[in-house]
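So you can see what is in the structure, the chains are spelled out below.
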Amino acid sequence: MADKLEPIWRAVAAIPRGAVDSYGGVARSAGLPGRARLVGHALKVAPAELALPWHRVLNARRRISFPKGSDEHHRQRQLLEREGVRFEGGRAIPATTAIADLDAWLWKPRPGPNHE
DNA sequence: GTTGTGACGACTT
DNA sequence: AAAGTCGCCACAA
């Protein structure tokens, strides 16, 4: 078994339900920065027994990488929606977006007394 | 060895 | 926004 694929599979398995990650993000988590394509390959050849949440991996634009209209595309979208991920204009909105938005609000430089 | 392809991504037009 | 270009590298022919 290729040693490179195992850390990738682990990283994918670690994506929480309702969340999504990108191929590049998974690659970095696996200690293989710049190897996004390898992640795609790893998922393609992943043994079914691992039951990986492969559907939580999208491309950097948070879009499904399969051609729109393909069976795989539809299957992935259905699996994501089943766990609370919504789609707007083909873009995936993770179930944890509310938290991400709050985080952005907390960090956004807003008008008012600000001390550095 | 060389070439083309690809579940990708960052950058530049 | 959309289309190129380039870097990445495993794999098949």
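None of the values given here were measured: they were computed from a predicted structure.

Visitor: Tell me about the overall build of chain A, and please be specific about residues and values.
Guide: The number of helices and strands found in chain A is five helices and four strands. Starting at the N terminus, the α and β elements of chain A follow one another as α-β-α-α-β-α-β-β-α. Counted over contacts in chain A with a minimum sequence separation of 6, partners at least 24 positions apart contribute 56%. If you sum the accessible surface of chain A, you get close to 8,200 Å²; carbon and sulfur atoms cover 53% of it.

Visitor: Before we move on, could you go through the protein's contact with DNA strand B and cite the residues and values that matter?
Guide: DNA strand B sits among 13 residues. The nearest are Y23, R37, N59, A60 and S65. Sugar and phosphate atoms form 42% of the subset of DNA strand B atoms that lie within 4 Å of the protein. A60 is positioned such that a nitrogen or oxygen atom in its backbone is 2.6 Å from a phosphate oxygen of DNA strand B. With respect to DNA strand B, the side chain of S65 contributes an N or O atom lying 2.6 Å from a phosphate oxygen. Elements with a contribution of two residues or more to the surface near DNA strand B: helix 2 (23-29) and helix 3 (36-45). Of the residues that constitute the surface near DNA strand B, the class distribution is six nonpolar, five polar and two charged.

Visitor: Tell me what's going on with the side chain of H73, and back it up with residues and numbers.
Guide: Looking at the element boundaries, H73 is found in helix 4 (residues 71-82). Setting aside residues no more than four positions away along its own chain, H73 makes contact with I64, F66, P67 and K68.

The rules behind the values
- Residues numbered from 1 in each chain as written.
- Chains lettered and ligands numbered in written order.
- Predicted model: local features only at pLDDT ≥ 70, side-chain atom pairs only at ≥ 80, totals over all residues.
- Heavy atoms only, no water.
- Helix = DSSP H or I, 4+ residues; strand = E, 2+ residues; numbered from the N terminus.
- Contact = heavy atoms within 4.5 Å.
- Areas by Shrake-Rupley, 256 points an atom, 1.4 Å probe, with all protein chains shown as cover.
- Near = heavy atom within 4 Å.
- Polar contact = N/O pair within 3.5 Å; in protein donor to acceptor, adjacent residues only side chain to side chain.
- Nonpolar A, V, L, I, M, F, W, Y, C, P; charged D, E, K, R; others polar.

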